[in-house]
Amino acid sequence: MQAPRDETGSEAAPGFVSDYLLYLLAAASEAASAQFHQTVRAAGLRVPEWRVLACLLDEDGAMVTQLATVALAEQSRLTRIILQMEKRDLVVRRGDAADKRRVRVHLTPEGRRLATRLVAEAKVHEAELIRTLSGGDGARLKPALRSLLAALEPGTSETARRGTGQKTGSQVKENMD
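Residues numbered from 1 in each chain as written. Predicted model: local features only at pLDDT ≥ 70, side-chain atom pairs only at ≥ 80, totals over all residues. Heavy atoms only, no water.

Draft legend 1. Local environment of the overall build of the chain. Of regular secondary structure, the chain possesses eight helices and three strands. Along the chain, helices and strands appear, N-terminal first, in the series α-α-β-α-α-β-β-α-α-α-α. Put simply, of all contacts in the chain between residues at least 6 apart along the chain, 43% involve residues at least 24 apart. Taken as a whole, the chain presents about 11,800 Å² of accessible surface, with 55% of it coming from carbon and sulfur. (Helix = DSSP H or I, 4+ residues; strand = E, 2+ residues; numbered from the N terminus. Contact = heavy atoms within 4.5 Å. Areas by Shrake-Rupley, 256 points an atom, 1.4 Å probe, with all protein chains shown as cover.)

Draft legend 2. Seen up close, the sheet that holds strand β2 (residues 91-95). Taken in spatial order, the three strands of this open sheet run β1-β3-β2, and their pairing is antiparallel. The open sheet terminates on both sides in strands that have one partner only, identified here as β1 (62-63) and β2. Pairing between β2 and strand β3 (residues 103-107): five bridges, direction antiparallel. Bridge pairing links Gly-95 to Val-103 in β3. Contacts between helix α2 (residues 47-58) and the sheet are confined to β1, β2 and β3, with β3 contributing the most and set at about 90° to the helix. Packed onto the sheet, helix α4 (residues 75-87) meets β2 and β3 and runs at close to 115° relative to β2. (Pairing = 2+ DSSP bridges. Axes fitted to C-alpha atoms, helices over the stretch in contact; angles between N-to-C directions.)

Draft legend 3. Inspection of unusual backbone geometry at higher detail. Here Leu-72, not a glycine, exhibits a phi torsion of approximately 55°, which is positive. Along the chain, Leu-72 falls in the loop between α3 (64-71) and α4.

Draft legend 4. Molecular detail of the pattern of salt bridges. This model, assessed by the stated rule, comprises eleven salt bridges. Here Arg-104 and Asp-96 are joined by a salt bridge, their closest N and O atoms 2.5 Å apart. Taking the relative accessible area as the measure of exposure, Arg-104 reaches 23% and is therefore partly exposed. Its salt-bridge partner being Arg-101, residue Asp-99 comes within 3.0 Å of it at the nearest N-O pair. Salt bridges linked by common partners bring Arg-46, Glu-49 and Arg-88 together as one network. (Salt bridge = Lys/Arg side-chain N within 4 Å of Asp/Glu carboxyl O. Buried < 20%, exposed > 50% of the residue type's maximum accessible area, 1.4 Å probe, protein only.)

Draft legend 5. Region of interest: the nonpolar core. In terms of nonpolar packing, the biggest core is built from 28 residues, with Leu-45, Trp-50, Leu-53, Leu-56, Leu-67, Leu-78 and Val-91 touching the most fellow members. When residues no more than four places from it in sequence are discounted, the contact partners of Leu-53 are Leu-45, Met-85, Leu-90, Val-91, Leu-107, Gly-111, Leu-114 and Ala-115. (Core = buried A, V, L, I, M, F, W, Y, C linked by side-chain atoms within 4.5 Å.)

Draft legend 6. Fine view of α3. Among all positions in α3, only Val-64, Leu-67, Ala-68 and Ala-71 are buried. Down the axis of α3, the buried set is contained in an arc of 105°. They therefore lie on one face. Buried-residue contacts for α3 involve α2, β1, α4 and β3. Leu-72 lies just past α3 and shows a positive phi near 55°. (Arc of directions from axis to C-beta.)

Draft legend 7. Broad picture of the packing of α2 against helix α5 (residues 109-132). Axis separation between α2 and α5 bottoms out at 9 Å; the angle between their running directions is 95°. Taken together, the axes of α2 and α5 are roughly perpendicular relative to one another. Contacts between α2 and α5 pair Trp-50, Leu-53, Ala-54 and Leu-57 from the former with Gly-111, Arg-112, Leu-114, Ala-115, Thr-116, Leu-118, Val-119 and Ala-122 from the latter. When its residues are assigned to classes, the contact of α2 with α5 shows nine nonpolar, two polar and one charged. (Parallel < 35°, antiparallel > 145°, perpendicular 65-115°, else oblique. Nonpolar A, V, L, I, M, F, W, Y, C, P; charged D, E, K, R; others polar.)

Draft legend 8. Spotlight on a nonpolar patch on the surface. Residues Phe-16, Val-17, Tyr-20, Leu-21 and Leu-22 make up a contiguous nonpolar surface patch of about 510 Å² in total accessible area. Residue placement: Val-17 occurs in the segment before α1 (21-42). (Patch = residues over 30% accessible without salt bridge, like charges linked within 9 Å, V, L, I, M, F, W, Y side chains within 5 Å.)

Draft legend 9. A look at the side chain of Ser-18. The residue Ser-18 is located in the segment before α1 in this model. The buried category is assigned to Ser-18, whose relative accessible area is 19%. There is a polar contact of 3.3 Å between the side chain of Ser-18 and the backbone oxygen of Gly-15. (Polar contact = N/O pair within 3.5 Å; in protein donor to acceptor, adjacent residues only side chain to side chain.)

Written out as structure tokens, the structure reads:
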């Protein structure tokens, strides 16, 4: 979104929405994700399925609750998605050895092949996105976003973050200047 111009043709101060952090985060995510999601759909997957496969490639045998967090989906919806993925031989569900009430999800060989290919393509896409940023912004973006996510973690206070070595919002800003 370009800064609006006033009657004289010079740039006016940005409006609320075009300068609002939450809008900027959502719009950047939507634009960047849309490009890669075309690749995901061409592979025959929906976005939550891709997220599940990527998560399982990192940690095979994850529980549905953990997968729901990473897939950004409600657990009940994700359970249905996982059942569909199981029918397509991408994943298999197994009871937890220590607690039979828990269900863990594992990649099948076909799911692992597909996830491995898509993760490689995602890394290329990510590198291209980061290269589009100038002035070292790409190198600072991921650490800043990780710090923001940590700061927003439920039950994490400013005092607790200082005590554990996690960066506070003001420390992140200092690192970005």
